[in-house]
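Summary of the model geometry
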Amino acid sequence: MLTALAFVLILGDAERFPCGKQVASYLGLVPLEDSSGNRRRLGHITKQGSSILRFLLVEAAQVTVRSLPEWRSKYFHLVLRRGRKIAKVAMARRLAVQLFWMMRKEWDYEQLKMFGSHAGQPGNRHGVPSNTE
């Protein structure tokens, strides 16, 4: 409850962000990019947004990983590939994006699981099927 309250208060109006990637960037949950020429290096997270909300999201993501099997499997897959710290931040980013779409569409978690974040948008093959198909 505290994480959701902080998320709504810090983000403000959800309509000002067109996609979840910009929400993650606003919260500082994206990697810092150092590029020059053909070389592209992704570093640590940018930490630009609210440190309190980032902390709450990481804590909430850890609880979610413990309680939901589909999140647990994604987390352990990331732990094996990238390490525990990076996996925690990745799950916090995923949680932030899902909270953003739930806030923007005014859905609960069950609706988000059923339809996904891009449901009903034109050109989306994985959303809700149209009546013309």
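Here we summarise the structure given alongside this text. From a predicted model like this one, the values you see are computed outputs, not experimental measurements. (Residues numbered from 1 in each chain as written. Predicted model: local features only at pLDDT ≥ 70, side-chain atom pairs only at ≥ 80, totals over all residues. Heavy atoms only, no water.)

**Brief notes about a nonpolar patch on the surface**
Where we set the bar: The patches reported here contain residues having more than 30% relative accessible area and no salt bridge. Joining distances are 9 Å for like charges and 5 Å for nonpolar side chains (Val, Leu, Ile, Met, Phe, Trp, Tyr). Methods summary: accessible areas were calculated by the Shrake-Rupley approach with a probe of 1.4 Å, and residue burial reflects only the protein chains presented. In what follows, salt bridge is the name for a side-chain nitrogen of Lys or Arg lying within 4 Å of a carboxyl oxygen of Asp or Glu. Note on conventions: DSSP H or I runs of at least 4 residues are helices, E runs of at least 2 residues are strands, and numbering of each starts at the N terminus.
A contiguous nonpolar patch, built from Leu2, Leu5 and Leu9 and spanning about 340 Å² of accessible area, is present on the exposed surface. As for its placement among the helices and strands, Leu5 is situated in helix H1 (residues 2–11).

**Things to note about the packing of H1 against helix H5 (residues 84–105)**
This is how it is decided: Each axis is a line fitted through C-alpha atoms, and for a helix only the stretch in contact is used; angles between axes span 0 to 180 degrees, taken between their N-to-C directions. For classification purposes, an angle smaller than 35 degrees is called roughly parallel, one larger than 145 roughly antiparallel, one from 65 to 115 roughly perpendicular, and anything else oblique. By definition, residues are in contact when any of their heavy atoms lie within 4.5 Å. Residue polarity follows a fixed list, in which Ala, Val, Leu, Ile, Met, Phe, Trp, Tyr, Cys and Pro are nonpolar, Asp, Glu, Lys and Arg are charged, and the others, Gly among them, are polar.
H5 packs onto H1 with a crossing angle of 70 degrees between their chain directions and a minimal axis gap of 11 Å. It follows that H1 is roughly perpendicular to H5 by the angle criterion. Along the contact surface, H1 presents Phe7, Val8 and Leu11, while H5 presents Ala96, Leu99, Phe100 and Met103. For the contact of H1 with H5, a count of residues per class yields seven nonpolar, no polar and no charged.

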